[in-house]
Amino acid sequence: DRRRGVGLHLLRGRRDPGAIRGSSGDTVPVAFFDDRPVRRGDLETALVEYGGGVVLREHLLDLRLAKLAASRGIAVDDSMVARELDLLRATLDPDPDRAVELLDAVRARQGLGDVRFEALLRRNAMLRALVAGEIRPDENAIERIHDVRHGPRRQVRVIASPSLAEAEAVARELADGGEFAELAYRRSTDPSRSAGGLVPPVTRLDPTWPAAFREVVFELEVGEISAPVLVGDAWVTATCLAEAPGDGTPIDAVRADLEPLARLQQERVRMDRLVRELDAGLDPRVLDPSLRDAWRRTRP
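For clarity, every value in this text was computed on a predicted model and none was experimentally measured.

Asker: In this structure, what is going on with the layout of surface pockets? I would like to understand it.
Answerer: Over the atoms, a rolled probe matching the size of one water molecule traces out where space is still vacant. Estimated volume of the second largest pocket: approximately 190 Å³. Residue lining of the second largest pocket: Pro-207, Thr-208, Arg-268, Val-269, Asp-272, Arg-273 and Arg-276, and that is the complete set. Across the lining of the second largest pocket, the residue classes tally to two nonpolar, one polar and four charged.

Printed below as a string of structure tokens:
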């Protein structure tokens, strides 16, 4: 199993970065430069430092999920994995060709080669099968999907701070004339910092956003900056840039389309929750110093 081999190979790490590993694969050239061979062993420690923590986490999650699925008599087959690929493409764009382009871009940005991408699809299939029995789409779920697809949405920038004191310091800079996007880029701990704090459009009932955050966003006037609000473990300051009105589509006119979407959304929420629960319990004894450091850097 190539997916499992990645994690196990990393765990067989060496303490001396300059030592030659016992595996014959480490001495076989993987590239040539200026007529000189580059061997896997020349790169491995740096590769572990760069992405070993992420790969180890994925591998351990796969092991936990496989054990949980086996205990419930769940087996993932190729058709379930293929469905995950179809669902992923459909969420990116309704146009098939455009969806393929976007998926290629996502894979490139996240470093998802064939092995890790296949593992991701299989992991999602396993997660979906595990939560399937918990899903009961109700009227509230359908209303949420209707709001997400047809309701008003707001364009927002955010600055996430690790403490209230830090958030209050950001608020003072903004009050003194600081530019929101520049401060987000410089001080925010949210991944949106690279885009000046700009996040995807927010709708009032979208459960993929925390309720406290949505409430603050829809209380703001356009151009107004919020006071810091605690969202999860971060203090978030938000500003509303603009609001696009809903399209006026009545819910009964699209109910047949909304019901399966409501189920998919509830599945996604439950899947994310299960991953967080499993992830919180991961505590491997990592022997390789480089991998141990990489692992620690992936933890909250």
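Asker: What's the story with unusual backbone geometry in this structure? I'm lost.
Answerer: Trans peptide bonds make up the majority, and among non-glycine residues the majority have a negative phi. Look at Asp-34: it is not a glycine, yet its phi comes out positive at around 55°. Inspection of the secondary structure assignment puts Asp-34 in the loop between strand 1 (29–33) and strand 2 (36–39). The phi torsion at Asp-35 lies on the positive side, around 65°, for a residue other than glycine. Structurally, Asp-35 can be placed in the loop between strand 1 and strand 2. Note on Asp-35: relative accessible area 78%, which makes it exposed.

Asker: Help me understand the nonpolar core, please; the structure alone is not making it clear to me.
Answerer: The nonpolar side chains of a soluble globular protein tend to be buried, and buried together. Judged by nonpolar contacts, the single largest core of 26 residues is most densely connected at Leu-65 and Leu-274. Mapped by element, the contributors of at least two residues to this core are helix 2 (40–71), helix 3 (78–92), helix 5 (114–131), helix 10 (255–280) and helix 11 (289–298). The element best represented in this core is helix 5, accounting for seven residues. Once you skip the residues sitting within four places of it in the chain, Leu-274 turns out to touch Leu-65, Leu-68, Leu-127, Leu-130 and Val-131.

Thresholds applied
- Residues numbered from 1 in each chain as written.
- Predicted model: local features only at pLDDT ≥ 70, side-chain atom pairs only at ≥ 80, totals over all residues.
- Heavy atoms only, no water.
- 1 Å grid on protein atoms, 1.4 Å probe; cavity = no way out; pocket = protein on both sides within 12 Å on 5 of 7 lines; lining within 4 Å.
- Points joined across faces, edges and corners; volume = space filled by probe spheres on them.
- Nonpolar A, V, L, I, M, F, W, Y, C, P; charged D, E, K, R; others polar.
- Helix = DSSP H or I, 4+ residues; strand = E, 2+ residues; numbered from the N terminus.
- Buried < 20%, exposed > 50% of the residue type's maximum accessible area, 1.4 Å probe, protein only.
- Core = buried A, V, L, I, M, F, W, Y, C linked by side-chain atoms within 4.5 Å.
- Contact = heavy atoms within 4.5 Å.

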